[in-house]
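Chain residues, written in single-letter form:
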Protein chains: 2
Amino acid sequence: MTEADGGLGVTSRPEPRVRSARMAELVRAALGLLETEGAHALTMRRLAALVGMRAPSIYKHFESKAALEVALVEDALFDMGDALHHSVADPGADGPVESLLAAYRSQATSRPNRYRLTTSSAFPRAGLLAGLEDWAGEPFFIVAGEAHLSQALWAFAHGTMILELDDRFLAGSDLDATWQAGAIAFSLPGDRPVGEPASLHPVGRQP
Amino acid sequence: MTEADGGLGVTSRPEPRVRSARMAELVRAALGLLETEGAHALTMRRLAALVGMRAPSIYKHFESKAALEVALVEDALFDMGDALHHSVADPGADGPVESLLAAYRSQATSRPNRYRLTTSSAFPRAGLLAGLEDWAGEPFFIVAGEAHLSQALWAFAHGTMILELDDRFLAGSDLDATWQAGAIAFSLPGDRPVGEPASLHPVGRQP
DNA sequence: ATTCTGGAGCTAACAGCGTTAGCTTGGGAA
DNA sequence: TTCCCAAGCTAACGCTGTTAGCTCCAGAAT
């Protein structure tokens, strides 16, 4: 990841907050609860029981449930940022856009409920570590090379991701092809992988 | 809207559920609460107070809060579907993709909290009127002309929309340009509006 | 005209939620 | 040895969606 600092990166990876052993244990248990049973199962009483305490005692370590969720989401953003920065530093045989999208999709899919929490409208984003979201999202700018296209690419990635996780696409859809359709639409021609199926291309891209 | 039936449409607009006067009043009040104060304010007790009753009485008209939200979301999908079908039937001077995206954005922006509810991961989509979501989303297929590209376009639209509503884009971003960047990426060249600003194109698109 | 019925309101209450107040306890610093 | 405070506890508050069970009245049926 250090390579990226000397590269195109203009933001830097924030320093994660230090956590006591008990805090780390709570976050670990919370992640387990969230992923195995869903957001509705992540309650203070259930979490407390999981680590052998009672709900009010959690407040000795986190000032609110929101603060605990912030910890979960910061983990998610560090994981996502690391994966994305790695993908731009070392894109595979496919183009950089394909590589970035594959990293994004793989990361989100690995912990779907944490991804949902991270991108939820209700989540108190203001409490996040300063600069973390910008750093995690920077690879989109690096790959797209231009602000508006990078935002559009990010929006495509998030939109496709959340619709996939929520099973909103028509049953039986080939989602690999959907991701690839977006990758092609947002790729610079020179960066496109060779042997790209031409049918997926928006017909007649050239003026 | 009837023109669309004879056109490319293969799905048809479902018949809305009939609502008693009291049900309609509740849905109207619920929408007001949702939009003016947000999802957290939409509680059975507050809604009941707004129409001059007590919370348990609502259950004489809707079997659960979820059923009431289904009514709100069905309204949203009918409104969205009507707007999108209208846009494909009568695209403006801009291309069909621009026109569709503009309709999508305008519709969602007009009732942001209802849009959030409609697209929320937690929403019980199974309770929706059969075929309603398919019908509302059909214009994306009509415009893109191909299944995967249409899904990618829909994903871009939703992603951009929810990020815009949640204020997730970098402060000061020109979101019109972001929408347009996506519109261009997903447009067939022949359909692109004339006089497209070349600067929006990713720099150095040529190899 | 009387009776019956059922839709639509009500109160009381339950379980679960996040959270707070206030008490206790034990281990390390002074 | 004393003191302090971090970290646990119980009880409780106000909120949530929801259920049980009662009442009341309009309109249909007799």
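Report follows, based on the coordinates.

## Some thoughts on the packing of aromatic side chains
Item 1. A complete count under the given rule lists 15 aromatic pairs over all chains for this structure.
Item 2. With a centroid separation of 5.6 Å and an interplanar angle of 85°, the aromatic rings of F169(A) and W154(B) are classed as edge-to-face. In this pair, F169(A) sits in the loop between α9 (147–165) and α10 (175–186) while W154(B) sits in helix α9 (residues 147–165), so the two residues belong to two different chains.
Item 3. With a centroid separation of 5.9 Å and 75° between ring planes, the pair formed by F156(B) and W179(B) is classed as edge-to-face. You can see F156(B) sitting in helix α9 and its partner W179(B) sitting in helix α10 (residues 175–186), a full 23 residues away along the chain.
Item 4. Here the aromatic residues F156(A), W179(A), F186(A), F156(B), W179(B) and F186(B) are joined through ring pairs into a cluster of three or more.

## With respect to the protein's contact with DNA strand C
Item 1. Near DNA strand C you find 16 residues, and of these Y59(A), K65(A), R54(B), S57(B) and H61(B) are the closest.
Item 2. Counting only the atoms of DNA strand C within 4 Å of the protein, the fraction contributed by sugar and phosphate is 48%.
Item 3. K60(B) has a polar side-chain atom sitting 3.2 Å from a base oxygen of DNA strand C.
Item 4. Going through the elements one at a time, α3 (44–50) of chain A together with α4 (55–58) of chain B are the ones with two or more residues in the surface near DNA strand C.
Item 5. Looking at the surface near DNA strand C residue by residue, the classes come out as six nonpolar, four polar and six charged.

## Some remarks on the protein's contact with DNA strand D
Item 1. Surveying the vicinity of DNA strand D reveals 16 residues, the closest of which are R54(A), S57(A), H61(A), Y59(B) and K65(B).
Item 2. Counting only the atoms of DNA strand D that lie within 4 Å of the protein, the sugar and phosphate share comes to 48%.
Item 3. The contact in question runs from a phosphate oxygen of DNA strand D to an N or O atom on the side chain of R22(A), over 3.1 Å.
Item 4. The contact in question runs from a phosphate oxygen of DNA strand D to an N or O atom on the side chain of Y59(B), over 2.6 Å.
Item 5. Secondary structure elements with two or more residues in the surface near DNA strand D: α4 (55–58) of chain A together with α3 (44–50) of chain B.

## Some remarks on the packing of helix α6 (residues 96–110) of chain A against helix α8 (residues 132–144) of chain A
Residues and elements named next belong to chain A.
Item 1. Packing of α6 against α8 brings their axes to within 10 Å, and their N-to-C directions diverge by 165°. In terms of orientation, α6 and α8 fall into the roughly antiparallel class. Note on packing geometry: the crossing formed by α6 with α8 is left-handed. Facing P96, V97, L100 and Y104 of α6, the residues of α8 in contact are P139, F140 and V143.
Item 2. Among the residues forming the contact of α6 with α8, the class breakdown is seven nonpolar, no polar and no charged.

What counts and how
- Residues numbered from 1 in each chain as written.
- Chains lettered and ligands numbered in written order.
- Predicted model: local features only at pLDDT ≥ 70, side-chain atom pairs only at ≥ 80, totals over all residues.
- Heavy atoms only, no water.
- Phe/Tyr/Trp six-rings, centres within 6.5 Å; stacked < 30°, edge-to-face > 60°.
- Helix = DSSP H or I, 4+ residues; strand = E, 2+ residues; numbered from the N terminus.
- Near = heavy atom within 4 Å.
- Polar contact = N/O pair within 3.5 Å; in protein donor to acceptor, adjacent residues only side chain to side chain.
- Nonpolar A, V, L, I, M, F, W, Y, C, P; charged D, E, K, R; others polar.
- Axes fitted to C-alpha atoms, helices over the stretch in contact; angles between N-to-C directions.
- Parallel < 35°, antiparallel > 145°, perpendicular 65-115°, else oblique.
- Left-handed = near helix turned anticlockwise from the far one by under 90°.
- Contact = heavy atoms within 4.5 Å.

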